[in-house]
Amino acid sequence: MNLIVKESYDELSRYVAGEIAALLRGNPQAVLCLPTGNTPVGTYQELVRLHKEGRVSFAQCTVFNLDEYYPIDPSDPNSYRSFMRKNLFDHVDIRPGSANIPNGEAKDADEECRLYEQKIRNSGGIDLALLGIGRNGHIGFNEPDRELLLETHVVTLTESTLQANCEPFGSIEAMPKQALTMGLGTIMSAKRIIVIASGASKKFAVEKMLSSRITTDVPATLLQLHPDVTLVIDKAVGVSSEGTRWTR
Ligand code: PGA
């Protein structure tokens, strides 16, 4: 695993956008896994800027988003579909049919998960997964638990996730109580993974990711088993690389 510490959130965003743009220039048909959340917003802004300058095109790539609330109307302003449209998809040249997000209004959630997993496999597999990380070390909606599921699945949101995410909905009662998320196996099947973290609230999760121990209590620790993971953090996280890179 590589650890890269950037001076600021803006530098982190520029670096990660640069990595994605370089991948797409080398392989325009690349398959990307992308996250929602606050952390990737700067990366998406930078990608939009690069696209407007003619330095990156999404015209031939395929995106699979990590997760979506369930049930939710994709046009609901709080859906992850709306988030991706607002922050990236509506501002770049990605083909609508190539911007995949689990369908929050599918009649049969389990079937939707099975189809999503199948679609990822049929695409040839994920070339690069960009991931945020929760304060508790969750990845997507794979929350700390005794057991974790490998494939895309339905999760019932925990009280702490409902609390953390309810604000835009106005109340917990108004929120979807479930979500559809890629599993750790889906994520680990990506050829390359970049995890981004910004700010002191992520210190616990980042330290666990660098701990040389794995536990389902902190799902992100399992990423240490992947052969090509880069953890890109800003200085505000409070974890130093001491001028060295964690390389394994
Ligand atoms: P954040 O979310 O980027 O908003 O901190 C990350 C996550 O919870 O996965």
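Read on for a plain summary of the structure. (Residues numbered from 1 in each chain as written. Predicted model: local features only at pLDDT ≥ 70, side-chain atom pairs only at ≥ 80, totals over all residues. Heavy atoms only, no water.)

Here's the deal with the sheet that holds strand 2 (residues 31-34)
Heads up, the rule is: A pair of strands is treated as paired once DSSP finds two or more bridges between them. Only runs of H or I of at least four residues qualify as helices and only runs of E of at least two qualify as strands under DSSP, and these elements are numbered from the N terminus.
Pairing is parallel in the open sheet, where 7 strands are placed in the order 1-10-9-6-2-3-5. The two strands at the open ends of the sheet, each matched to only one other strand, are strand 1 (2-6) and strand 5 (99-100). As paired elements, strand 1 and strand 10 (residues 229-234) share 5 bridges and run parallel to each other. Counterpart to Val5 in the pairing with strand 10 is Ile233.

Some details on the sheet that holds strand 7 (residues 153-156)
Selection criterion: Fitted lines through C-alpha atoms serve as axes, helices being fitted only where they are in contact, and the angles separating the N-to-C directions of these axes extend from 0 to 180 degrees. Residues are treated as being in contact if the distance between any of their heavy atoms lies within 4.5 Å.
Read across the sheet, 3 strands follow the order 4-8-7 without closing on themselves; strand pairing throughout is antiparallel. Bordering the open sheet on either side are strand 4 (67-70) and strand 7, each of which pairs with just one other strand. Each neighbouring strand pair of the sheet contributes to a mean axis angle of 30 degrees, computed without reference to strand direction. Direction of pairing for strand 7 relative to strand 8 (residues 178-181): antiparallel, over a ladder of 4 bridges. Paired with Val154 across the bridge in strand 8 is Leu180. Each of strand 4, strand 7 and strand 8 touches helix 4 (residues 109-122); the most contacted strand, strand 7, lies at about 135 degrees to it.

Side note on the environment of Phe89
Filter applied, for reference: Each residue's exposure class comes from its accessible area (1.4 Å probe, protein chains only) as a fraction of the maximum for that residue type: buried when under 20%, exposed when over 50%, partly exposed otherwise.
Structurally, the position occupied by Phe89 is in the loop between helix 3 (80-87) and strand 5. Exposure remark for Phe89: the relative accessible area of 8% places this residue in the buried category. Along the primary structure Phe89 and Val63 are separated by 26 residues, whereas in three dimensions their C-alpha atoms are 9.9 Å apart. If we skip the residues at most four places from it in the chain, Phe89 touches Val63, Asn65, Arg81, Met84, Ile94, Ala99 and Ile101.

With respect to the nonpolar core
Condition: In this text, buried Ala, Val, Leu, Ile, Met, Phe, Trp, Tyr and Cys residues form a nonpolar core when linked through side-chain atoms within 4.5 Å.
Leu131, Met182, Ile193, Val195, Met209 and Leu223 are the most contacted members of the largest nonpolar core, which has 32 residues in total. For this core, the elements supplying multiple residues, two or more each, are strand 2, helix 4, strand 6 (128-131), helix 6 (184-188), strand 9 (192-197), helix 7 (203-209) and strand 10. Not counting residues within four places of it along the chain, the set of residues in contact with Ile193 comprises Leu128, Ala129, Leu131, Ile187, Met188, Leu223, His226, Asp228, Val229 and Thr230. Ranked by size, the runner-up nonpolar core spans 31 residues in total, among them Leu24, Leu34, Leu130 and Val232.

Overview of the packing of helix 2 (residues 41-52) against helix 3
Inclusion rule: Comment on the angle field: the value is read as roughly parallel under 35 degrees, roughly antiparallel over 145, roughly perpendicular from 65 to 115, and oblique elsewhere. Residues are sorted three ways: Asp, Glu, Lys and Arg are charged, Ala, Val, Leu, Ile, Met, Phe, Trp, Tyr, Cys and Pro are nonpolar, and all the rest, Gly among them, are polar.
Between helix 2 and helix 3, the least distance of the axes is 9 Å, while the angle of their chain directions is 40 degrees. When the interaxial angle is binned, helix 2 and helix 3 end up oblique. When helix 2 is examined against helix 3, the residues Val41, Tyr44 and Val48 are found in contact with a partner set consisting of Phe83, Met84 and Asn87. Across the contact of helix 2 with helix 3, the residue classes tally to 5 nonpolar, 1 polar and no charged.

Describing the environment of Arg146
By the secondary structure assignment, Arg146 is in the loop between strand 6 and strand 7. On a C-alpha basis, the gap between Arg146 and His91 in space is 40 Å, while along the polypeptide they are 55 residues apart.

Comments concerning the site of the ligand
Keep this limit in mind: Here a residue counts as near a molecule or strand whenever at least one of its heavy atoms sits within 4 Å of it. The term polar contact refers here to a pair of N or O atoms within 3.5 Å; inside protein, the definition further demands a hydrogen-donor-capable atom paired with an acceptor-capable atom, and it admits residues adjacent in sequence only when both atoms are side-chain atoms. Here the Shrake-Rupley method, with its probe set to 1.4 Å, supplies the accessible areas, and only the displayed protein chains count as covering residues.
Residues in close proximity to the ligand include Gly37, Asn38, Thr39, Gly132, Ile133, Gly134, His138 and Lys202, which together make up its full environment. Contacts to the ligand include Thr39, whose side-chain N or O atom sits 2.4 Å from an oxygen atom. For the ligand, an oxygen atom lies 2.6 Å from a polar atom in the side chain of His138. Contact with the protein chains covers 74% of the free accessible surface of the ligand, which is 280 Å². Across the shell around the ligand, the residue classes tally to 1 nonpolar, 6 polar and 1 charged.

Things to note about the packing of helix 1 (residues 9-26) against helix 2
Convention followed: Handedness of each helix crossing follows the sense of rotation of the near helix against the far helix: counterclockwise by less than a right angle gives left-handed, clockwise gives right-handed.
One can describe the packing of helix 1 onto helix 2 by two numbers: an axis separation of 8 Å at closest approach and a directional angle of 55 degrees. Comparing the axis directions of helix 1 and helix 2 gives the class oblique. Judged by the twist between their axes, the crossing of helix 1 over helix 2 is right-handed. For the pair formed by helix 1 and helix 2, the contact residues are Tyr9, Ser13, Arg14, Val16, Ala17, Ile20 and Ala21 on the first element and Val41, Gly42, Thr43, Glu46, Leu47 and Leu50 on the second.

Details of the packing of aromatic side chains
Cut-off, in case you're wondering: Planes of paired rings set the category: under 30 degrees apart is stacked, over 60 is edge-to-face and the rest tilted, where pairs are Phe, Tyr or Trp rings (Trp by its six-membered ring) whose centres lie within 6.5 Å.
Counted under the stated rule, the structure contains 5 aromatic pairs. For the pair Tyr69 and Tyr80, a centre-to-centre distance of 4.8 Å together with 40 degrees between the ring planes defines the contact as tilted. With Tyr69 in strand 4 and Tyr80 in helix 3, the pair connects residues that are 11 residues apart, well separated along the chain. Across the pair, Tyr80 and Tyr69 agree in class, each one buried.

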